[in-house]
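# Residue-level structural notes
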Amino acid sequence: MRQMARRGFVAGAAGVVAGVVSTITTAGDAVAVPSRQAGSGLTGAAPRERGHHVARRELRGMWVATVANVDWPSAPGLTAAAQKAELIAYLDEAVDRRLNTVILQVRPTADALWPSPYEPWAQYLTGVQGKDPGWDPLGTAVREAHRRGLELHAWFNPYRVANHTDPSRLVATHPARLHPDWVLPYGGKLYYNPGIPEVRRFVQDAMLDAVRRYDIDAVHWDDYFYPYPVAGQVFDDDATYAKYGAGFPDKAAWRRDNTDKLVRETAERIKKIKKNVQFGISPFGVWRNASTDPLGSATKAGVQTYDDLYADTRGWVRKGWIDYICPQIYWNIGFAAADYAKLLPWWDAVVRGTGVDLFVGEALYKAGDPAQPAAWQNPAELSRHLDFAAAYDQVRGHVYFSGTNVVTDRIGAMDRVVADHYRNRVRPPR
């Protein structure tokens, strides 16, 4: 396992917190005075007193990535008991940090962290794609998260098939091998072709299997739709465009429509299965630069989701197709090309009046990284983000990337956020 020494991370993994749900303050409850309950990692609620600040429901989340064993499991091939202990340790860490949501990646590369009838077991569990790990990670995650008063958002990647371009390395029964015409290589990876209607239906079926079978709180997507541009390479969907692109002014418009269909259809199907399951998307933080579109943000980003990923993230919000948007505003306050202090107000204005919740994706992984700008060497940078966001009433929470960084907390940036802003636990907005 990676070095995770803070608070005896693994050693305390097996303990289950009793009575967690009853100790979480709800909207309108007084802020708790920190007083550690024995063994719980929670703060005890103080009696209501005149002048106490009123707690507001907000989402406090962390992503736990499974692709390439970024966060969990720490390595492929661990025993089922070790995998489970590590997973529970992340949930306990969330409780200890007074978070209320864990966003767990359960379909990283057209595979599954549950016994799916559609796709093979993820290789990141056992080291062998398709090999049963001997337990049900998603089912366990949902059950143990709820026992701790946490929401569990199941994080899916719709189109990424593999982090290589060799279909023969996939298990023989993989849908990408059974339907080789569904797959395109690009940028050293394999992707399902979003322009094929059968692909769009299949990836929905594969993801929605988890909605039917588990009591997840949300379906969550990140920023991967059409792949990020790679210089000198072409995503070769010309034949697909020729077959399905009639009536569109150009390929870009057709590609955006394909992504729109995936979002709209998935949203509709989720609500038909379980009305209470939310649908949230965490895109790259820039929809379009104002120099490209007057409706865009005052940024000079090299990537624009509308133009480069064919993802009309602003449109999905304005049309009310999703329950929440969590833009990855992964830049510091004052960063010239994409200033946190300019992007957050832009997103606040986008969601206003739509009923779509705005959560902000925070780049905890940059804190203390010597390769990052000077602002990220200051442990207070992320806390400053929350101070700034507090002035914008559409912001309903923050999510931190990623679990390993929450645990190791290289320069104490997460400690600072918790001390300054998370003195008590609260429920997510609903």
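Look a little higher up for the structure.
Below or above, wherever it landed, is the structure these notes cover. Predicted model, so just to flag it, every value in this text is computed and none were measured. (Residues numbered from 1 in each chain as written. Predicted model: local features only at pLDDT ≥ 70, side-chain atom pairs only at ≥ 80, totals over all residues. Heavy atoms only, no water.)

Across its full length, the chain carries 14 helices and 11 strands. When the 430 residues of the chain are sorted by exposure, 59% land in the buried category. Counting only contacts in the chain whose residues sit at least 6 apart along the sequence, the fraction spanning at least 24 positions is 73%. If you sum the accessible surface of the chain, you get close to 16,500 Å²; carbon and sulfur atoms cover 52% of it. (Helix = DSSP H or I, 4+ residues; strand = E, 2+ residues; numbered from the N terminus. Buried < 20%, exposed > 50% of the residue type's maximum accessible area, 1.4 Å probe, protein only. Contact = heavy atoms within 4.5 Å. Areas by Shrake-Rupley, 256 points an atom, 1.4 Å probe, with all protein chains shown as cover.)

To continue, consider the pattern of salt bridges. By the definition in use, this model includes 27 salt bridges. We note a salt bridge from Glu 144 to Arg 143, for which the minimum N-O separation is 3.9 Å. A relative accessible area of 4% places Glu 144 in the buried class. Owing to a relative accessible area of 42%, Arg 143 belongs among the partly exposed residues under this scheme. Two residues, Lys 251 and Asp 237, come together in a salt bridge whose shortest N-O distance is 3.0 Å. Here Lys 251 is found in helix α8 (residues 251–273), whereas its partner Asp 237 is found in the loop between β7 (218–221) and α7 (238–244), with 14 residues between them in sequence. The same class applies to Lys 251 as to Asp 237, namely buried. (Salt bridge = Lys/Arg side-chain N within 4 Å of Asp/Glu carboxyl O.)

Across its 17 residues, helix α6 (residues 197–213) extends 25 Å between first and last C-alpha, which sits within 8% of the 24 Å expected from 1.5 Å per residue. The largest bend along α6 measures about 25° and falls at Met 207. Extensive coverage of α6 is indicated by the burial of 12 of its 17 residues. Of all the residues in α6, the buried ones are Val 199, Arg 200, Phe 202, Val 203, Gln 204, Asp 205, Ala 206, Met 207, Leu 208, Asp 209, Ala 210 and Val 211. (Expected span 1.5 Å × (residues − 1). Bend = angle between axes of the 7 residues up to and from the residue.)

This part is about the nonpolar core. Membership of the largest hydrophobic core comes to 112 residues, with the highest contact counts inside it found for Tyr 192 and Trp 221. In contact with Trp 221, not counting residues within four places along its chain, are Phe 156, Pro 158, Met 207, Leu 262, Val 263, Thr 266, Phe 279, Gly 280, Ile 281 and Ser 282. (Core = buried A, V, L, I, M, F, W, Y, C linked by side-chain atoms within 4.5 Å.)

Now for the environment of Pro 175. Along the chain, the position of Pro 175 falls in helix α5 (residues 175–178). Looking at Pro 175, the relative accessible area reads 5%, which means it is buried. Between the alpha carbons of Pro 175 and Glu 119 there is a distance of 7.0 Å; along the sequence they are 56 residues apart. Not counting the four nearest positions on each side in its chain, Pro 175 is found in contact with Tyr 118, Glu 119, Pro 120, Tyr 192 and Phe 202.

With that out of the way, let us pick up the sheet that holds strand β8 (residues 278–281). Taking strand neighbours around the barrel as the criterion, the 8 strands line up as β1-β2-β3-β7-β8-β9-β10-β11 in a closed arrangement whose pairing is parallel. Pairing of strand β1 (residues 59–64) with strand β2 (residues 101–107), which is carried by 4 bridges, proceeds in the parallel orientation. Considered in β2, the bridge of Val 64 is made with Leu 104. Relative to β2, α6 is tilted by about 135°, and along the sheet it contacts β2, β3 (151–156) and β7. (Pairing = 2+ DSSP bridges. Axes fitted to C-alpha atoms, helices over the stretch in contact; angles between N-to-C directions.)

Let us look at the environment of Val 142. When you line up the elements, Val 142 lands in helix α4 (residues 137–147). Taking the C-alpha atoms as reference, Val 142 lies 8.7 Å from Asp 217; in sequence the two are 75 residues apart. Once residues within four sequence positions are removed from consideration, Val 142 is found in contact with Leu 152, Tyr 214, Asp 215 and Ile 216.

With that settled, the discussion passes to the packing of α6 against α8. As a packed pair, α6 and α8 sit with axes 10 Å apart at the nearest point and diverge in direction by 30°. Considering their axes alone, α6 and α8 lie roughly parallel with respect to each other. Crossing hand, α6 versus α8: right-handed. Taken together, the residues of α8 that come into contact with α6 (itself represented by Arg 200, Arg 201, Val 203, Gln 204, Asp 205, Leu 208, Val 211 and Arg 212) are Asn 258, Lys 261, Leu 262, Glu 265, Thr 266, Arg 269, Ile 270 and Ile 273. Here the contact of α6 with α8 is composed, by residue class, of 6 nonpolar, 3 polar and 7 charged. (Parallel < 35°, antiparallel > 145°, perpendicular 65-115°, else oblique. Left-handed = near helix turned anticlockwise from the far one by under 90°. Nonpolar A, V, L, I, M, F, W, Y, C, P; charged D, E, K, R; others polar.)

A separate point is the packing of helix α12 (residues 381–389) against helix α14 (residues 413–421). Relative orientation of the contacting elements α12 and α14 amounts to 35°, with a least axis distance of 7 Å. Side by side, α12 and α14 meet where Leu 382, Ser 383, Leu 386 and Asp 387 of the first sit next to Ala 413, Arg 416, Val 417, Asp 420 and His 421 of the second. Its residues placed into classes, the contact of α12 with α14 shows 4 nonpolar, 2 polar and 3 charged.

Attention shifts here to the packing of aromatic side chains. The final tally for this structure, using the stated rule, is 26 aromatic pairs. With centroids separated by 5.3 Å and ring planes inclined at 70°, the aromatic side chains of Phe 225 and Trp 316 adopt a geometry described as edge-to-face. Here Phe 225 is found in the loop between β7 and α7, whereas its partner Trp 316 is found in helix α10 (residues 313–318), with 91 residues between them in sequence. When its relative accessible area of 2% is taken as the criterion, Phe 225 is described as buried. With a centroid separation of 6.4 Å and an interplanar angle of 70°, the aromatic rings of Tyr 340 and Phe 388 are classed as edge-to-face. Residue Tyr 340 is found in helix α11 (residues 340–351), and its partner Phe 388 is found in helix α12; the two are separated by 48 residues along the sequence. The ring of Trp 287 has Arg 314 sitting right over it, with the charged end atom 5.5 Å from the ring centre. (Phe/Tyr/Trp six-rings, centres within 6.5 Å; stacked < 30°, edge-to-face > 60°. Lys NZ or Arg CZ within 6 Å of the ring centre and 35° of its normal.)

Between its first and last C-alpha atoms α11 spans 17 Å; for 12 residues at 1.5 Å apiece the expected length is 16 Å, and the two agree. Every buried residue of α11 is listed here: Tyr 340, Leu 343, Leu 344, Trp 346, Trp 347, Asp 348, Val 350 and Val 351. In this structure, the buried residues of α11 make contact with α10, β9 (324–325), β10 (357–362), α12 and β11 (395–400). Of the residues flanking the start of α11, the one acting as N-cap is Asp 339, its side-chain oxygen 2.8 Å from the backbone nitrogen of Ala 341. Phi turns positive one or two residues past the end of α11, at Gly 353, with a value near 85°. (Polar contact = N/O pair within 3.5 Å; in protein donor to acceptor, adjacent residues only side chain to side chain.)

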